[in-house]
Structures are given as structure tokens and as C-alpha cells.
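The chain contents come next:
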Amino acid sequence: MGVARREAHRAAAATFLYAVMVLGVLAGGAGVRAFEDGTAVYIVTMKQSPVFHRRLNLEKFGNSRVTKAAGGGGGGGGGGEAGDTPSTSVLRKPRHGSPKSMNYGSYLIRLQNLLLKRTLRGEHYIKLYSYRYLVNGFAVVITPQQADRLSRRKEVANVMLDYSVRTATTHTPEFLELPQGAWVQEGGPQFAGQGVVVGLIDTGIDPTHPSFADDLSTDSYPVPVHYSGICEVTNDFPSGSCNRKLVGARHFAASAITRGVFNASQDLASPSDSDGHGTHTASIAAGNHGVPVVVAGHPFGNASGMAPRAHIAVYKALYKSFGGFAADVVAAIDQAAEDNVDIISLSITPNRRPPGLATFFNPIDMALLAAVKAGIFVVQAAGNTGPSPKSMSSYSPWIFTVGASAHDRVYNNYVILGNNLTIQGVGLAPGTDGDCMYTLIAAPHALKNNTSASPTELSFGECQDSSRLDADLIKGKILVCSYSIRFVLGLSSVKQALDTAHNVSAAGVIFYLDPFVLGFQLNPTPMRMPGLIIPSSDDSKVFLTYYNDSLVRDETSGQIVSFGGVAKILGGLNPIYGNSAPKVMFYSARGPDPEDNSLLNADILKPNLIAPGSSIWGAWSSLGLDSAEFAGESFAMLSGTSMAAPHVAGLAALIKQKFPSFSPAAVASALSTTTTLSDRQGKPIMAQRTYSNPDSTQSPATAFDMGTGFVNATAALDPGIIFDCSYNDFFSFLCGINGSSPVVTNYTGNSCAASTMTGADLNLPSITIAVLNQTRTITRTVTNVAADESYTVSYSAPYGTVVSVMPTQFVLPSRQKQLVTFVVNATMNSSTASFGNVGFYGDKGHRAIIPFSVITKVAYSS
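Residues numbered from 1 in each chain as written. Predicted model: local features only at pLDDT ≥ 70, side-chain atom pairs only at ≥ 80, totals over all residues. Heavy atoms only, no water.

K.L.:
So what exactly am I meant to see when it comes to the overall build of the protein chain here?
P.N.:
Across its full length, the protein chain carries 23 helices and 42 strands. For the protein chain, the residues scored as buried account for 59% of the 862 residues in total. Surface exposure of the protein chain reaches about 31200 Å², of which carbon and sulfur atoms provide 52%. (Helix = DSSP H or I, 4+ residues; strand = E, 2+ residues; numbered from the N terminus. Buried < 20%, exposed > 50% of the residue type's maximum accessible area, 1.4 Å probe, protein only. Areas by Shrake-Rupley, 256 points an atom, 1.4 Å probe, with all protein chains shown as cover.)

Laid out in C-alpha cells, this is it:
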């Protein structure tokens, strides 16, 4: 309790200071005036080292009180290269800052303020944030002319315009075989992930949800000593909201408030989640084990996060009304790193591809590079812009990018028509009573006084208003409603249609899909009465044809005399488990990874892998408005790469628990090399190729659809060998981009030496060559994190290439490294990507498979 009170006092002070800043922004309508005057939010970085970099330098030369963490732990953890700092090797990251580093942070803020004062003396500007831990810089509202003057100051490294970003379970633990696999290795769900802090940058959290309670266990469950964050206290997020499970919570909205887009009544200037998305993703990653899921009065089992005993820290930087802005997200990343989270999960993507020299050079990706340097594993959603190629929204090799797959549980219900035709639907709903058939009646045919609706009165066909419907005519029948684009836009809702059906005493409700609703993932929707949504436009046409052909009309007037169509609804409350999963969902963003705005391909595989993202149960905020169908419920079923990313964040927590010394790259390697490449039937994983009728356009998934494959949580806890990669490697890669030297210096504060490193040269658990127009020699170094083992290397060369590998066999002692060399040539000219793989097979059962991709091939004579 004493710790909680101290954190509450600190939070209150932080909240007061933030409120003062916000009032300053809003005073006199400054938030609106700023943009009327042509001003905008700019992110400014300075050349002087931030707190973390200075701490590393002090540690490197033995002048810091920071204790170097020892290597090893949990049965593995190969060492880094000689001279590596702990943050850039497989060693544990430094945990605690010294008083000197805190004083240095204050000093940086004073320098920032002095720079602004001297450069913009007597002029109007609004400083929104001071970045100091990962990034030395600030966000400020200024004119383009002021930005230009700042950019010419010798202290300033980079000035960039702010930009917008957007948001991109009860069964998935079983589908991932956690109860009998990974959780067993950690001692069961009551220990899985304990001591690891997962930081989520999202829309906040509902602290009252049982998925985040800490009173579900009687054993010791302390807040990890390395975590130093606070729990912000506001009217919407009162004292006591945080606990041993939810260990920290803050919000960041200064850029949004300054722009005048922040709706205080809806978006909430607090960590509280008025959207629902953040609560959902947090529970997927680390929600409590065994929380009952009851929706619309129906039980759907018990929920659990992937790492049910991990701790959660929330950094709210996205909002219901508008999404978010990079300045706020960078502030959240910087704070999460200063608070010493172990993992950062971002179910967010930029609204546009970053301009400039390369996609990697943007404030969010570069802040995340600094987080990786600090030893934090970073997970990001791939984006929901698939299935077209190069639709990736997460670009950089230091970020672990996750695509979305289906899992094997589906909720289907069916309508059986009077002509014995059966049509599949979606709906978490009971069936109609008994085996009898019920008359069908469409809402526009059931208006009072037998009137007809105007073509502009769409709400009648969508069953949004019961006041104009003839309840006597509808009573005991199945009401037929249109599911139009207005449902997608939130202008109409299934919940309102169900209220209408209830008010007119309908026996059930059926929604047919408007033909204009294409490419939208229809999740099973909770219904307290018999009902379903027909998710296929083709099936909807069949249904409407039967209904219309069954109408009996007066030959003279054309008026409907009787309704001849009948049907019964079979309930969809019980799940069906199939064997065709996993498969890549149509909306999941695809590679190749775009290197720049001209869509040149990078030598980097994206996505890294796929994880469950379709129809995922997760906790739902009591204030959640993001999905109207789940308003007022405590759980919701959502789909997207936003749901896939926290699955991997939670699984990474299990790896960090077992291997606390693993670097971010080591965690990424353990996840990547142990994936599954086939579905439950042993067939190749398939990928949906179109928005419309996606299951009819499936074909085998390539590495640009699924990365290395489908995540295998249990195998990832025993990878055998890893491919490690340091911050220095990523730095050299950036320096190897033609013309990048000044940009790299501006972002990192370090000067580039001559570098020819490409993405293919990074020690990643994959090989991707965008253009093969000469002999390429690629090397990979593997580190043994298990016992001594002998390995055999086998490979399948991408079509149109010839590959040689040395060595093909080696003995690798524990904690030692082995260099493997690949020589690649093209045998044909082709601009079509081709794929192969490389397998490392140990004689003690370990295996590591990495994909080998070549996009453009140009044959030549040597």
C-alpha cells in the first residue's frame, strides 16, 4: 500500500503539470489558432546524446553506478561480440539509471528550452513534449519559417513534420498449445510471464476489468523491481487503478490537443480506454488466466492472455475520435523505455508511407531503434492493408512485424430455407425454437398502414426504427434486414436492429449483405435472440431471390398479399473446430518490404511471421465505443493485425522469462526459426488473395505473406540456435543506404563510417535479396543457446538461382558461434519473386528453418 500511495502522489504531480501544459495550449484558443496561422507540430531532435546513450558511455568506461547485468540465465544466452555493450549483445539490458543520469535528463530539458528561447526570442511557440531518454529532442508548435531557423542551428540534428497514425482470446492459448507446452515449461499459467513487463502503446485500458485484477492469486506477485513507471491519476482513472498486474499507466495527447481534434468528453485525457482497442490488446498479451467470457448473456468459455502472469504497463497515445500522432507516440515510446519495460507492443501503423530517403527514417521507427538499443523487444502490427503486395506498414529490421492468421475455432450458424437450401451465416446467437419453420418478412414490407419507405430512408431496410413497423404483422416471424455500408461506418448497428426486432416481437432476425459491402471482415456478432448475418454477397443474392420469389402479390395492384418464404435459424453459440487453420487473412499486409516511397524493395523480410488475428476474444472496456455491437459487454471479438501483434508480445514475455539475458534480436530469432509451415492437416499454409469471397481465392502462402511461418510458442522456448544482431549492425545497415550518412547522424547522433552493408547482410533469421545481378556472398552466424550439438545444413534454392553453402555440417558447443556462408547466382532473368529455405537440423532434435527469397534475378556471365 505504501508503494501504491507514493506512486499515486507522483502521478498526481505529473498529472497537474500536464494539466498546466494543456491549459496553456488551450488558453485563448491556441490549439485552433496555431493551425489557422499556418503553424504545425514539428518533432525536433538534438545532437547531444540522450540519457540512455550517455548512461551506456559511462558504463562502457566504468564511471557509472549502473551495474552491468551478468550473462546467462534460464538455460541459454550466448554472449555478444567482444566489445559489445550489454544493450547490443545477447546480454541483459542495463536496468537502473543513476542519479547522475536523472540530473542529466533535466539538463537536456534546460538546453532544449534555451535553444527555443534564443532561436525564437519574443515569438509565439508551444513546446508540447521534452524527449530525453531514448531521444534528445522535443515536439513543438511552430511555423515553417521557425522550423527552418531551428533546423539551421548547430545544436539541432533533425526537424520533421508530425504525422498521423492509426490502430491497425478464449481459445488461442489452446490453439497455440500453451497449456500443455510453453506454460508447462514456465510452471503453469500461474507463473507464465511473471517478472516481465509488457508495455502497450494503444488506446488505454479499463483498469476495472477482471483480466487485469491482481487478487486472483494468493501467492507472492510483486511488481518487478526494475520497473520504474507510475500510475497517472485523473478523475477518469482514480487512485488505486493500478496494482501488481497493471503496474503503470500514462496518457499522451499534447499533439492532438494542440491540433484541436481532441474531444475531451469522448477521448478522455487519462489512461482510461473509451475506445476498447487498448483493453482488448492488453488482455491478449497478458490478461489473467481463467476469466469467464459472457457476452449477450451467453457463456463462451474462459479467457487468458498469452503470458497470464506478466505485468502490464499502458501508454495511451491513440484515441477513438482521430487515431493518433507521431509526436505523442514517440513520447510514449520514450517514457516506456525510461520506465524499463521489457517489451513494447504497438498495434498501430502510420497513415502513409514515410517520405524521404528510406521508409526506416521516421521518428517512430528511429525511436524504436533506440528502444532496441536499450534492450527492449519491439512488436508491431503489419497493418490491415493487404492482400496487395508491398502493403506493409511496419518496415524496419529491428521491429518484429506480425501478420494475421485465422485459427481453428469458428462460430457459424445457418439459415435453412423452405426450399431446403442451407446458407451459412455469422452470429453469436441461439437458434429458433424447435424444428418448425418461421415466415420471413423484410422490414420495408412491414411498414405501418402498408406504406412504402422512401429510397432515401435506408434505416427502415436496416431495421433501425421500430416506430414505423407494424408489430402485429411481424410478430412471430423472422425479420429480414439489410446490412449496408452504414453498419461499417457506424451509422447503423446490429444492436439497434436487434432492439427493433425485440420491440416488434420478431421470432428472429436475418441480415443480408448489401453488395456494396466488400472487403470488410464480418466478425460473429452477439445477439440475445435468434439471428445471423449472411457474410457473402453471393449467398445474400440467393437468399433474396428465394424471399422475393416466395412473395404472393395482387395481380392488379402489385401489393403483397402474403409472405410465402419460410426459414429456421440454427444457433451459433457453440464453436466448430476445423483443421484448415492457420491461414493468412486477406486484410493482413504483405511484403516485399518497401524500402522507399518509390516502392523499391528492401533486402528485408516482412512480415516476420503470422499469429492469430481473426475473430479473437479479448477484454472490452466498459466505456468502449470502437465496436458498437459489443457496447456494454465485458468481452469483444475483433479481427486484425492489431490482435496478432499482442499474441507475439505475450509469447515474447515467456521467452524473456526463461532467457532473461536474450537481446531483442535473440528473442526475434527464437520466435522466427521455430515457426510452423503447415496447417493442422499437414498441408501448406494458405493465404487469402482477395477481399471478396477470400476463401475461394486461396493459394499457398509465400514468405511475403507469412514471413517465416505461423508462430510456435512451445518450440520458441527451446530454439537450440539463434541469429543475433546488434544495434551496431542496424546502424551499419542504415549507413549503407546510399546518401544516408547525414540522415543517420541526425537521428542517432553518431557519424557513419564507410559501409556497404545491405539488409541481406544483417544477421537476420531470413535471407532476402531484392536484386540478384551478380554473385552475392551472404553470411549468417548462429549461436548455440542449448547443449553441445551437431548440425546439418540443408537448403532449397529459390527458383532461377543456384546456391552453395559452407559448411553443411558442424559441431557447435554450447554458447559458441558458427559462421555459415551462402554464395548465390542467378540462372535466369526474372522480375518474379521466388522462394526457398535453409534448414539447420541438430542431432538432439533442434531445428531452425529460415526463408530464402529472391525478387529480381538478372543472369550474367562471370
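Having seen the model, we can carry on.
K.L.:
Whenever I open this one, a nonpolar patch on the surface confuses me. Can you help?
P.N.:
On the surface, a nonpolar cluster with roughly 310 Å² of combined accessible area is contributed by I485, L489 and L491. For L491, the location among the structural elements is in the loop between α15 (485-488) and α16 (494-503). (Patch = residues over 30% accessible without salt bridge, like charges linked within 9 Å, V, L, I, M, F, W, Y side chains within 5 Å. Salt bridge = Lys/Arg side-chain N within 4 Å of Asp/Glu carboxyl O.)

K.L.:
Sorry, what's going on with helix α5 (residues 144-151) here?
P.N.:
Owing to its 3.6 residues per turn, the α-helix aligns residues three or four sequence positions apart on the same side. Of the residues making up α5, those classed as buried are Q146, A147 and L150. The buried residues of α5 occupy one face: seen down the axis, they fall within an arc of 100°. (Arc of directions from axis to C-beta.)

K.L.:
Hey, could you run me through the environment of L200 in this one?
P.N.:
Within the secondary structure, L200 is located in strand β6 (residues 197-202). Its relative accessible area of 3% is what places L200 among the buried residues. Here the alpha-carbon distance between L200 and A332, two residues 132 residues apart in the chain, equals 9.3 Å. Setting aside anything within four residues of it in sequence, one finds L200 in contact with T281, A282, A285, I312, A313, V314, Y315 and S345. (Contact = heavy atoms within 4.5 Å.)

K.L.:
Before we go on, may I ask you to explain the state of the cysteines in this structure?
P.N.:
Counted under the stated rule, the structure contains 3 disulfides. Between the sulfur atoms of C463 and its disulfide mate C481 the distance is 2.0 Å. Across the S-S bond linking C463 and C481, the dihedral sits near -100°, which makes this disulfide left-handed. With C463 in the loop between α13 (458-461) and α14 (471-474) and C481 in strand β21 (residues 478-483), the pair connects residues that are 18 residues apart, well separated along the chain. On the basis of relative accessibility, which here comes to 0%, the residue C463 falls in the buried class. With a sulfur-sulfur separation of 2.0 Å, C735 is cross-linked through a disulfide to C752. Here C735 and C752 share a disulfide; its torsion about the S-S bond, -80°, makes the bridge left-handed. Here C735, found in helix α22 (residues 727-735), pairs with C752, found in the loop between α23 (741-748) and β35 (767-772); they are 17 residues apart in sequence, far enough to count as distant. Here C735 matches C752 in class, with each residue buried. Bonded cysteines in the protein chain are paired 1-2, 3-4, 5-6 when counted in the order they occur along the chain. (Disulfide = S-S within 2.5 Å.)

K.L.:
What's the story with helix α11 (residues 326-338) in this structure? I'm lost.
P.N.:
Under the 1.5 Å per step criterion, the end-to-end length of α11 is 18 Å for 13 residues, consistent within 8% with the ideal 18 Å. Counting buried positions along α11 gives 13 out of 13 residues, so the element sits mostly inside the fold. Directly after α11, the chain includes N340, whose backbone phi takes a positive value near 70°. (Expected span 1.5 Å × (residues − 1).)

K.L.:
Looking at this structure, I do not really get the sheet that holds β35. What am I missing?
P.N.:
Sheet strands pair via backbone hydrogen bonds, and the direction of the pair is either parallel or antiparallel. The 5 strands are arranged β35-β42-β41-β37-β39 in an open sheet whose pairing can be described as mixed. Edge positions in the sheet fall to β35 and β39 (809-812), since each has one partner strand and no second. Ignoring strand direction, the axes of neighbouring strands in this sheet form an average angle of 20°. Relative to strand β42 (residues 847-857), strand β41 (residues 834-842) runs antiparallel, the two being bridged by 8 bridges. (Pairing = 2+ DSSP bridges. Axes fitted to C-alpha atoms, helices over the stretch in contact; angles between N-to-C directions.)

K.L.:
Looking at this model, I keep getting lost on the nonpolar core. Mind explaining?
P.N.:
Among the nonpolar cores identified, the biggest contains 75 residues, and I333, F360, W398 and L734 are the most heavily contacted of them. The dominant element in this core, judged by the number of residues it contributes, is α11, at 9 residues. In contact with W398, other than residues within four places in its own chain, are F360, D365, M366, L368, L369, V372, F730, F733 and L734. Core analysis: the next-biggest nonpolar cluster, separate from the first, contains 74 residues, F237, I616, A645 and A670 among them. (Core = buried A, V, L, I, M, F, W, Y, C linked by side-chain atoms within 4.5 Å.)

K.L.:
Quick question: what am I supposed to make of the pairing of strand β3 (residues 137-142) here?
P.N.:
Walk down a regular strand and you will see the side chains alternate between the two sheet faces. Burial analysis of β3 places 6 of its 6 residues in the buried class, the great majority of the element. Residue alternation in β3 divides its side chains into two sets, G137, A139 and V141 and F138, V140 and I142, and both sets are buried. Bridge count for strand β2 (residues 126-131) against β3 is 5 bridges, and the pairing is antiparallel. Across the sheet, residue K127 finds its bridge partner in β3, namely V140. Between β2 and β3, which pair antiparallel one after the other, the connecting turn spans 5 residues.

K.L.:
Whenever I open this one, unusual backbone geometry confuses me. Can you help?
P.N.:
Backbone geometry follows two general trends: most residues other than glycine have a negative phi, and most peptide bonds adopt the trans configuration. Between G591 and the following residue, P592, the backbone shows a cis peptide bond with an omega angle of 0°. Geometrically, the link from M806 to P807 is a cis peptide bond, its omega value of -10° lying close to zero. Backbone geometry at L268 places phi at a positive 65°, although glycine is not the residue there. Mapped onto the elements of the fold, L268 is located in the loop between α9 (264-267) and α10 (277-286). The phi angle at C463 is positive, at roughly 60°, despite the residue not being glycine.

K.L.:
Sorry, what's going on with the sheet that holds strand β11 (residues 318-319) here?
P.N.:
Spatially, 4 strands are ordered β11-β12-β5-β14 in an open sheet, and the strand pairing comes out antiparallel. In the strand order of this sheet, the two ends are held by β11 and β14 (348-350), each with one partner. Sheet topology note: the strand β5 (residues 164-167)/β14 ladder contains 3 bridges and is antiparallel. Looking across to β14, one finds that T167 is bridged to I348. Against the sheet, α11 makes contact with β5, β12 (323-325) and β14, and its axis sits at roughly 80° relative to β12, the strand it touches most.

K.L.:
Even after reading the chapter, I still don't get the pattern of salt bridges, so can you show me in this structure?
P.N.:
Should their charged atoms come close, side chains of opposite charge can pair. Considering all chains together, one arrives at 12 salt bridges under this definition. Note that R259 and D162 form a salt bridge whose closest N and O atoms lie 2.9 Å from each other. The class of R259 is partly exposed, set by a relative accessible area of 23%. A salt bridge links K583 to D695; its shortest N-O distance comes to 2.8 Å. Pair noted here: K583 is in strand β28 (residues 583-584) and D695 is in the loop between β32 (686-687) and β33 (699-700), with a separation of 112 residues, a long-range link. Looking at K583, the relative accessible area reads 14%, which means it is buried. For D695, a relative accessible area of 45% puts it in the partly exposed group. Here the residues in one salt-bridge network are R590, R689 and D705, joined through shared partners.

K.L.:
Whenever I open this one, the pairing of strand β25 (residues 560-563) confuses me. Can you help?
P.N.:
Pairing between strand β24 (residues 551-553) and β25: 3 bridges, direction antiparallel. Note on β25: the bridge partner recorded for V552 is S562. What sits between the antiparallel neighbours β24 and β25 is a turn of 6 residues, in which G558 has the positive phi angle 80°.

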